[in-house]
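# Fold and contact review
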Amino acid sequence: MTVPGPAALGRGVVVRAGGPVPAPWAGAPVVVVDEAAVAEPGGVVAALHEAWAGRRPVVVALAVDPALFRAPACFEVDPWTLSPSFEPWHDRLHFLVWANTYDARGDGPPVWWWARKAERAGARPGPAGGPDVVLPDGRPAWVDGGPRSPLDLDAAVVHAETVELGRLDAAPPPVPPTAELAPDQLAAVAHAGGPARVIAPAGSGKTRVLTERLRHLLVDRRWEREGVLAVAYNKKAQEELEQRCAGFRPHVRTLNSLGYSLLGRAAGRAPRVLEEREVRRIVEDLVPRRQRRVNTDPIGPYLEALSLVRLGLRSPESVENERDDVPGLAEAFGPFRRRLASAGVVDFDDQVYGAVELLLGDGEFRRAAQAGCRHLLVDEFQDLTPAHVLMLRLLAAPGLDVFGVGDDDQVIYGHAGADPGFLVDYDRYFPGAADHPLEVNYRCPVPVVDAARKLLSYNDLRVPKEIRPGPSADTAADALVVHRHRPDAGSATVRSVVEEWLAEPGCEPAQVAVLARVNSLLLAPHVALSSAGVPIDSVLRPDVLDRTGVRAALAYLRIAADPRHIDGNDVVEVHRRPSRGLPQWIAKWLRGTFTVDRLRAIAGRLDDAKVAAKVEDLVDDLELVVAAAASGTTRQVLDVVKDKVGLGGAMGLLDSSRADDGGSSHLDDLEALEQVADLHPDVATFESWLRGVFHRETAPGGVTLSTVHRVKGREWDRVAVFGVTAGLVPHRLAEDEEEERRVLHVAVTRGRHRVAVLADDSRPSPFLDELAGAADRRPRAAAPEARPARAARSAGPEALPPEAAGAEQALRAWRLERCRRDGVPAYVVLNDRHLRAVATRRPSTLAELRRVDGIGPTRLELYGEEILAVLEAAGA
């Protein structure tokens with residue numbers, strides 16, 4: 001037997017600490033595994049992994065009994081307490097000590113244990129001075145314990161993974177991929193082995209690369225199917241991949257089905273997956289009941305928050321504290337999960353979160369599961385959440401051989417936990433990963449590729465890359481056109497662009513898409529195209545007209561259209577938007593049908609002078625709206641409502657209390673309604689006309705109307721990007737400007753032949769100049785300063801000054817009455833800490849109140865006016 005075998009195998013040796021080192025390894029570096037290394041294995045694991053992955057011989061000096069780290073550790077922790085970079089270090093330490101090393105701890109010759117295992121599978125001992133074993137067919141063979149990669153040696157090679165399966169199949173001679181691919185694609189497909197990051201920009205053929213990589217591993221290299229798994233982001237992507245690979249049928253799973261299969265395997269049966277309505281019932285039982293507001297979903301925020309905890313690996317307390325619409329979340333999280341466990345069921349997110357918990361808590365199960373995930377190929381890596389990354393890393397250990405395909409420039413789900421850092425810092429999660437960037441966009445015309453490249457160059461957090469148009473890309477100058485329209489011409493412009501495209505020979509509605517940053521901004525394209533007879537396939541539904549700002553604006557329009565027959569319900573709808581500080585009891589005065597004069601007369605009958613003055617202010621506002629309708633258009637009336645009456649400011653106040661989550665804001669809703677108003681100037685018939693448009697059916701085959709977030713991965717011949725306007729793109733609520741650029745980049749790169757970007761010329765998006773590369777480049781933002789250390793908790797709350805103490809007492813009395821009336825615990829209305837913050841700051845306006853800790857959009861709308869009234873009555 002040759003010791004240590006051919007140099008290409010890179011074998012090392014394990015010796016007793018202080019014992020002799022066999023001559024073949026006399027000059028090799030020594031890694032000591034002692035008690036300190038077992039306690040803190042990070043440094044030793046890094047050194048051993050680098051040697052193993054690079055096939056460099058190393059001497060492992062064992063100063064402890066290897067049984068100390070042989071059994072995989074169990075971690076009884078809540079997964080949300082961990083980061084996606086969490087390491088079960090002993091998994092890797094045990095593997096790396098023995099994976100590609102001789103055992104020279106005894107008195108005899110060093111033992112190559114993989115040869116012994118191969119002999120148990122049917123091989124015969126190899127000849128002295130020759131390969132490790134002789135296969136049953138008579139061929140001498142080496143048994144390779146290094147990373148799985150092609151080797152060209154003087155004898156056959158059987159990999160240790162094959163031997164682990166009880167087989168002795170020799171690897172075929174190294175062959176290149178058989179598919180016709182571009183050089184950058186070919187390099188990725190032919191990757192020798194180990195982890196790899198494949199940056200795949202829009203239109204670069206990532207699915208083809210993934211398909212051919214699978215074919216190359218399973219067909220050309222004949223790797224065992226049991227150890228190779230492709231992971232798709234969702235069911236549609238899984239089905240597409242399976243269809244393309246039908247000839248050799250690899251194992252393909254979605255992220256959720258992967259987690260689900262692990263849970264079923266551990267339990268011995270597949271758990272039932274709850275439908276959302278069942279999850280809602282459980283949540284409703286566990287969280288405090290709250291006053292139900294019209295057209296609101298009190299349970300929806302809890303479902304979102306549960307996702308943030310489980311997929312974002314966030315603490316329930318932090319999620320509850322940063323929102324004001326999920327009181328009791330932290331207290332309910334544990335019981336919620338126990339309720340699922342006791343019933344033997346899971347919901348959608350718990351398929352992943354529960355699998356992570358299982359992999360952490362049962363080390364032996366984790367080791368068994370890892371055997372089926374020796375080589376993971378992961379699609380859409382940029383969309384993974386922290387929980388997804390952690391699950392994949394636990395499964396891919398100890399080798400961490402993950403072939404990740406994605407594009408950091410297409411991370412647009414930051415609100416859900418997606419992070420470009422997972423690709424930017426890929427080798428942190430998968431050490432030693434190779435880079436295989438794809439550099440050609442085969443989808444888009446040259447002007448679109450150039451513009452997207454310029455736009456993205458203004459981002460700092462990204463993988464440096466080259467993106468070139470394909471050799472047959474359309475070079476027409478009008479392949480990308482920016483339409484700067486008047487503020488009142490957005491609807492007409494998008495209709496004109498689409499109709500012009502549809503008039504071209506061969507252009508069908510299904511080949512056209514209109515995309516917007518947020519859902520409500522699709523209202524204008526939806527109405528404009530539908531009313532023009534253009535078939536549409538729209539994601540927009542009639543309930544967009546029931547959102548808070550739109551509902552109030554339509555009530556103002558009804559009042560303006562018929563001031564002699566004002567419905568009291570409309571007055572109730574508008575009297576708090578904007579806030580006028582009217583008490584709740586005023587609603588009993590607003591029943592029936594009114595004129596403006598009768599409303600003013602009511603003000604004169606009120607005993608409370610302050611309330612009477614506020615009713616007079618309301619009547620003054622209604623008279624402004626009525627006057628605008630007498631001689632103006634629908635748009636002009638809405639302008640008065642938004643700017644002079646102050647509905648825009650009120651909606652902006654609500655918006656400023658919430659974070660952007662990819663959906664619409666209240667101001668977006670008003671802007672969308674104004675754009676539609678340009679299509680129908682008659683105030684009296686506007687609402688009935690608008691609602692009538694939604695009675696027309698939409699169906700597949702029409703022009704697609706969608707938000708950008710819904711269409712990543714799709715493409716059309718012609719794409720119009722609507723509303724590329726300051727405040728919308730980038731969105732005024734978005735905290736991550738770089739993600740906003742990525743959203744626009746995703747939008748424009750959906751187009752195969754023609755892309756139109758539509759912008760209000762009175763406030764164009766700053767990204768328009770960046771698309772042209774003409775914007776100034778700002779210096780890289782400095783890292784945020786560290787937050788000051790949290791002060792030690794005192795024995796009790798500090799005493800307040802007299803004015804604040806009086807305000808606190810009044811607020812407590814109000815809270816007690818309010819929670820009794822609503823039938824909810826006191827903390828649902830306002831917890832002690834937030835109540836004290838209000839009393840300390842004693843705000844006098846809603847704008848000041850919303851800046852108080854704990855006051856978000858929900859509390860502002862439910863309790864804002866009452867809190868201000870209490871403070872005013874208390875003399876605060």
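Please refer to the structure placed before this passage.
This structure is a prediction, so every number in the text was calculated from the model and none was measured. (Residues numbered from 1 in each chain as written. Predicted model: local features only at pLDDT ≥ 70, side-chain atom pairs only at ≥ 80, totals over all residues. Heavy atoms only, no water.)

Okay, the overall build of the protein chain next. Counting its regular elements, the protein chain contains 36 helices and 26 strands. Along the first, second and third principal axes, the C-alpha set of the protein chain runs to 110 × 75 × 50 Å. With 876 residues in all, the protein chain has 56% of them scored as buried. In the protein chain, 74% of the contacts between residues at least 6 apart in sequence involve partners at least 24 apart. Per element, the accessible surface of the protein chain, about 37200 Å² overall, is 51% carbon and sulfur. In the protein chain, 108 side chains carry a positive charge and 124 a negative one; their mean positions are 3 Å apart. (Helix = DSSP H or I, 4+ residues; strand = E, 2+ residues; numbered from the N terminus. Buried < 20%, exposed > 50% of the residue type's maximum accessible area, 1.4 Å probe, protein only. Contact = heavy atoms within 4.5 Å. Areas by Shrake-Rupley, 256 points an atom, 1.4 Å probe, with all protein chains shown as cover. Lys, Arg positive; Asp, Glu negative; His and termini not counted. Charge placed at Lys NZ, Arg CZ, Asp CG, Glu CD.)

The parallel open sheet is built from six strands, whose spatial order is 11-10-14-15-9-16. Each having just a single partner strand, strand 11 (251–254) and strand 16 (434–435) make up the two edges of the open sheet. Where strand 10 (residues 228–232) meets strand 11, four bridges bridge the pair, whose relative direction is parallel. Paired with Ala-232 across the strands is Thr-254, a residue of strand 11. Against the sheet, helix 7 (residues 206–220) contacts strand 10, strand 14 (375–378) and strand 15 (402–406), and its axis sits at roughly 160° relative to strand 15. (Pairing = 2+ DSSP bridges. Axes fitted to C-alpha atoms, helices over the stretch in contact; angles between N-to-C directions.)

Moving on: the pattern of salt bridges. One pass over the structure, following the stated rule, counts 75 salt bridges. Glu-504 is the salt-bridge partner of Arg-718, the closest N and O atoms lying 2.6 Å from each other. You can see Arg-718 sitting in strand 25 (residues 716–722) and its partner Glu-504 sitting in the loop between helix 20 (490–502) and strand 20 (512–516), a full 214 residues away along the chain. One continuous salt-bridge network, built from bridges that share partners, spans Arg-310, Arg-337, Asp-347, Asp-349, Asp-350 and Glu-357. (Salt bridge = Lys/Arg side-chain N within 4 Å of Asp/Glu carboxyl O.)

A few words on the sheet that holds strand 3 (residues 59–62). With parallel pairing, the four strands of this open sheet are ordered in space as 2-3-1-4. Looking at the sheet topology across the chains shown, the edges are occupied by strand 2 (30–33) and strand 4 (101–103). Going across the sheet, the axis of each strand differs from the next one's by a mean of 25°, ignoring polarity. Inspection of the sheet shows strand 2 paired to strand 3 by four bridges, in the parallel sense. Each residue of the ladder has a partner; that of Val-33, found in strand 3, is Leu-62. Strands strand 2 and strand 3 of the sheet are contacted by helix 2 (residues 42–53), whose axis makes an angle of about 145° with strand 2.

Okay, the environment of Leu-768 next. Mapped onto the secondary structure, Leu-768 falls in helix 31 (residues 767–771). Classification of Leu-768 as buried rests on a relative accessible area of 6%. It is 9.5 Å that separates the C-alpha atoms of Leu-768 and Ala-451, two residues lying 317 residues apart in sequence. With near-sequence residues (within four places) excluded, Leu-768 lies in contact with Val-482, Arg-484, Val-724, Val-757 and Ala-759.

On to the packing of aromatic side chains, then. A ring pair, where both rings are aromatic, is described by two values, the distance of the centres and the angle of the planes. A full pass over the atoms with the stated rule returns eleven aromatic pairs. With 5.3 Å between their ring centres and 65° between their planes, Phe-381 and Tyr-426 make a pair best called edge-to-face. One end of the pair, Phe-381, is in the loop between strand 14 and helix 16 (386–396); the other, Tyr-426, is in helix 18 (residues 426–429), and 45 residues separate them in sequence. Assessed through its relative accessible area of 1%, Tyr-426 is described here as buried. (Phe/Tyr/Trp six-rings, centres within 6.5 Å; stacked < 30°, edge-to-face > 60°.)

Keep in mind these values describe shape, not function.
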